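Take a look at the letters that make up each chain.
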Amino acid sequence: MNPLVIIPARGGSKGIPGKNIKPLCGRPLIAYAIDAARAVAPDSHIILSTDSSEIARVAEESEGLAVPYTRPEALGGDSVGSREVMLDVMDWADREGIAYDCVLLLQPTSPLRTADDVRRTLEAYTPECDMAVTVCPAAANPYYDCFETTPEGYLHVAKGEGLITRRQDAPEAWQMNGAVYAINPASLRQMPLGAFPRRKPVAMPRERSADLDTPLDWIIAETLIQYARDNA
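Residues numbered from 1 in each chain as written. Predicted model: local features only at pLDDT ≥ 70, side-chain atom pairs only at ≥ 80, totals over all residues. Heavy atoms only, no water.

Focus on the pattern of salt bridges
- All told, the structure shown has 14 salt bridges when counted by the stated rule.
- One salt bridge in this structure joins D43 and R38, with 2.9 Å as the shortest N-O distance.
- Here E61 ties to R57 by a salt bridge, and the two come within 2.7 Å at their closest N and O atoms. Here the residue E61 and the residue R57 both occupy positions in helix α2 (residues 53-63), the gap between them amounting to four residues, near one helical turn.
- Given the relative accessible area of 33%, R57 is considered partly exposed.
- Connected via shared salt-bridge partners are D116, D117, R120 and R208. (Salt bridge = Lys/Arg side-chain N within 4 Å of Asp/Glu carboxyl O. Helix = DSSP H or I, 4+ residues; strand = E, 2+ residues; numbered from the N terminus. Buried < 20%, exposed > 50% of the residue type's maximum accessible area, 1.4 Å probe, protein only.)

Here we look at the layout of surface pockets
- Roughly 450 Å³ of internal volume is contained in the largest pocket.
- Together, 24 residues line the largest pocket, and P8, R10, K19, Q107 and T109 are the ones closest to its centre.
- Of the residues belonging to the lining of the largest pocket, the class tally is seven nonpolar, 10 polar and seven charged.
- In this structure, the second largest pocket occupies an estimated 240 Å³ of space.
- P111, L112, R113, T114 and R208 are the residues nearest the centre of the second largest pocket, which is lined by 13 residues in total.
- Contributing elements (two or more residues each) for the lining of the second largest pocket: α1 (29-38) and α6 (215-230).
- Per element, the largest residue contribution to the lining of the second largest pocket is three residues, and it comes from α1.
- Classifying every residue of the lining of the second largest pocket gives seven nonpolar, two polar and four charged. (1 Å grid on protein atoms, 1.4 Å probe; cavity = no way out; pocket = protein on both sides within 12 Å on 5 of 7 lines; lining within 4 Å. Points joined across faces, edges and corners; volume = space filled by probe spheres on them. Nonpolar A, V, L, I, M, F, W, Y, C, P; charged D, E, K, R; others polar.)

Observations regarding helix α3 (residues 82-96)
- The end-to-end C-alpha distance of α3 is 21 Å, a good match for the 21 Å that 15 residues give at a rise of 1.5 Å each.
- The set of residues buried in α3 consists of V85, M86, L87, V89, M90, W92 and A93.
- Backbone geometry just downstream of α3 places G97 in the positive-phi region, at approximately 75°. (Expected span 1.5 Å × (residues − 1).)

A word on α1
- Summarising burial for α1: eight of the 10 residues are buried, a large majority.
- L29, I30, A31, Y32, A33, I34, A36 and A37 are the residues of α1 that are buried.

This is how it looks when you write it as structure tokens:
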């Protein structure tokens, strides 16, 4: 497998100001994504996509990662999706003659992902599927404790008839945790990720599935990283 690794790091975060370069247990947040990328690809195939010169500077000076690509200003807003960002990087890589057979998306906001999580996701990916993606057990199960509202305003279990009385009797339910996406380049050019019909799950435990969107998420991740270091 010869992945093109894309690390999206937009400037101007609102939930956690400056989060992509904010120190997390002594290292800028993007450092964790760069470490994970280097476990499976050379620096020539690791592309930091940012519209921030400060984020690029930290990646270059703190982590030694060259940043030859600059995200266009039009793709810098918080309403721009990951697909548009990845397609622009792919177009740039094609012009630069960088060969790849898979796109690996590593979001900086998943610092608890391990190199093994990345490797397992790449191993699960095949050209016959659209994407291999990390998942964790869902916080709510649609057959047991996840509900929808009926037209009359009442709650009804999202799937099934609501007759399951023990969580362990319900079918497994998964949610994407945002840690690792191994994507078929042809599929990405054809349709958005949400339309992919062939997605392979790669399980990760909930305790390593933190996605940093709020200050509380940050505190939890920092606590878990420090605990792991103290008990290594």
